[in-house]
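Coordinates in review
What follows is each chain in one-letter form.
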Amino acid sequence: MLESTMRAMVLEEFGGPLVLSEIPIPRPAPSEVLVRVRACAVDRFDTAIRAQVRERANLPLILGHEISGEVAEVGSGVEEWGAGDRVVSSLYLTCGRCRWCRRGRETICENFRGHVGVNVPGGYAEYTVLPSSSLVALPESIRHEEGSLLANVVGTPFHALARRMRLTAGEYLIITGAGGGVGLHAIQVGKLLGAQVMGVDLGEAKAAAMAAAGADRTIDPTLVDLAEVAREWTGGKGVDGVLELVGPATLSSSLGSLSKGGRLVIVGSHTGDAWTIDPGLVYRNEWEILGSRNVTVDELATVVSLTDQGLVHPIIDQVRPLHDAEELQQRVLAGAVIGRDVLVP
Ligand SMILES: [Zn+2]
């Protein structure tokens, strides 16, 4: 029998504090599952929602979209999950019926309803309600703290490199912003797929983290010319793929690093919105410029399996209790986190 209330960090006004509150435990509707949150990783996205510089959200709000936990109760019609099942959740709220959902590309769902932790309450709480179809089973071999990293910082580069870029063994890959949470796991995925990987980021701490994650080479683009180093690294040809996590600040040198027929996959952009490109370079080189968005539930299951087999290692910095959410968000904003910090509600 569940208790009737839970602890949650509640955002009552944009830009305001996260308030530790005792609130009613939500109940699962049909096709939904009540999950006892065991770990919720803290993302820069959470801070952007809180500051209201990203998607619209309704207040009061419980942030947190990187969730691992145990099934506590299932709504009517849910037969695939039972109490006690260990699960991780994908981030997106999708319809399951549109043409893209039917084709296994639900990250571009035509009836996209938003994110867990933005458009419905998230994981900065002891319990949260999630769509049954968003959940993937988590084996005992993976701790919940690790599980909370899989859908975003591991899943995002997996979708980007394996599916969108179609990276294959022996290819050369550059990852910009590779010292961040997604980037460090992108290095691991790139190595797993058999590529030579160069990590690009600022400063010695990031260089050490990129090397520890498996990068064959690391550079600081403020000290050397990325395109020049890329040519030298590949015997003059240029790299087969660039995973772009930075945006306009690095996009031009990323393109300048590409070989003929190269693929540039854009996953993130936090250095502005506008970017100038010479279309002649794109068609003469038959470059592919692709977008990539998070991970599908099917791919998340693959990511769980890769982690279970010890082929991917989630990189966790600090693990803290729920009421330290404020401090962990400040660490994210200060750029102090290597990998991810995780709340354990
Ligand atoms: Zn859909």
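See the structure shown above.
Residues numbered from 1 in each chain as written. Predicted model: local features only at pLDDT ≥ 70, side-chain atom pairs only at ≥ 80, totals over all residues. Heavy atoms only, no water.

1. Description of the coordination of the zinc ion
Only Cys95 (SG), Cys98 (SG), Cys101 (SG) and Cys109 (SG) from the protein coordinate the zinc ion, and they sit 2.3 to 2.4 Å from it. One can describe the site at the zinc ion as tetrahedral: its four donor atoms subtend angles covering 102 to 117 degrees at the metal. (Donors = N, O, S within 2.8 Å, 3.2 Å for Na, K, Ca; no water. Tetrahedral: all angles 85-135°; square planar, octahedral: opposite > 155°, others 65-115°.)

2. Brief notes about the packing of helix 4 (residues 150-164) against helix 10 (residues 297-308)
Two quantities define a packed helix pair, namely the angle between the helix axes and the distance between the axes. It is at 9 Å that the axes of helix 4 and helix 10 come closest, and there the two elements cross at 105 degrees. Between helix 4 and helix 10, the crossing angle belongs to the class labelled roughly perpendicular. Between helix 4 and helix 10, the residues in contact are Leu150, Ala151, Val154, Gly155, Phe158, His159 and Arg163 and Glu299, Leu300, Thr302, Val303, Val304, Leu306 and Thr307, respectively. A breakdown of the residues in the contact of helix 4 with helix 10 according to their chemical character gives eight nonpolar, four polar and two charged. (Axes fitted to C-alpha atoms, helices over the stretch in contact; angles between N-to-C directions. Helix = DSSP H or I, 4+ residues; strand = E, 2+ residues; numbered from the N terminus. Parallel < 35°, antiparallel > 145°, perpendicular 65-115°, else oblique. Contact = heavy atoms within 4.5 Å. Nonpolar A, V, L, I, M, F, W, Y, C, P; charged D, E, K, R; others polar.)

3. Digging into the layout of surface pockets
The calculated volume of the largest pocket comes to roughly 1,500 Å³. Lining the largest pocket are 44 residues, with Asp43, Arg44, Val182, Leu245 and His270 positioned closest to its centre. Those elements that provide at least two residues to the lining of the largest pocket are helix 1 (44-50), helix 4, helix 5 (181-192) and helix 11 (325-333). For the lining of the largest pocket, the per-class residue count stands at 16 nonpolar, 19 polar and nine charged. Both of domain 1 (5-149 + 314-344) and domain 2 (154-291) provide at least three residues apiece to the lining of the largest pocket. Around the second largest pocket sit 25 residues that line it, and Ser31, Glu32, Val129, Leu130 and Pro131 are the ones nearest its centre. Listing elements by their share of the lining of the second largest pocket, those giving two or more residues are strand 2 (18-24) and strand 6 (127-131). Grouping the constituent residues of the lining of the second largest pocket by class yields 16 nonpolar, six polar and three charged. (1 Å grid on protein atoms, 1.4 Å probe; cavity = no way out; pocket = protein on both sides within 12 Å on 5 of 7 lines; lining within 4 Å. Points joined across faces, edges and corners; volume = space filled by probe spheres on them. Domains from an automatic or database assignment.)

4. Section: unusual backbone geometry
Of the consecutive residues Leu59 and Pro60, the connecting peptide bond is found in the cis state with omega at -10 degrees. By the element assignment, Pro60 lies in the loop between helix 1 and strand 4 (66-74). The backbone of Glu286 shows a phi angle near 50 degrees, a positive value even though the residue is not glycine. Inspection of the secondary structure assignment puts Glu286 in the loop between helix 9 (279-285) and strand 13 (288-291).

5. Considering the pairing of strand 5 (residues 86-89)
With burial as the criterion, each face of strand 5 is covered, one bearing Arg86 and Val88 and the other bearing Val87 and Ser89. Sheet topology note: the strand 4/strand 5 ladder contains three bridges and is antiparallel. Bridge assignment links Gly69 to a residue of strand 5, and that residue is Val87. Here strand 5 pairs with strand 7 (residues 135-137) via three bridges, running antiparallel. Each residue of the ladder has a partner; that of Ser89, found in strand 7, is Leu135. (Buried < 20%, exposed > 50% of the residue type's maximum accessible area, 1.4 Å probe, protein only. Pairing = 2+ DSSP bridges.)

6. A look at the packing of aromatic side chains
Inspection of the entire model under this criterion finds two aromatic pairs. Summarising the aromatic geometry, the rings of Tyr92 and Phe112 are spaced 4.9 Å apart at their centres and angled 90 degrees between planes, so their arrangement reads as edge-to-face. Remark: Phe112 occurs in the loop between helix 2 (99-102) and strand 6 and Tyr92 occurs in the loop between strand 5 and helix 2; sequence separation between them is 20 residues. For the pair Tyr172 and Trp233, a centre-to-centre distance of 4.9 Å together with 90 degrees between the ring planes defines the contact as edge-to-face. Highlighted residues: Tyr172 in strand 8 (residues 172-176) and Trp233 in helix 7 (residues 226-233), separated in sequence by 61 residues. Relative accessible area serves as the criterion here: at 13%, Trp233 is assigned to the buried category. Between Arg36 and the ring centre of Tyr127, over which it is positioned, the NZ or CZ distance is 5.5 Å. (Phe/Tyr/Trp six-rings, centres within 6.5 Å; stacked < 30°, edge-to-face > 60°. Lys NZ or Arg CZ within 6 Å of the ring centre and 35° of its normal.)

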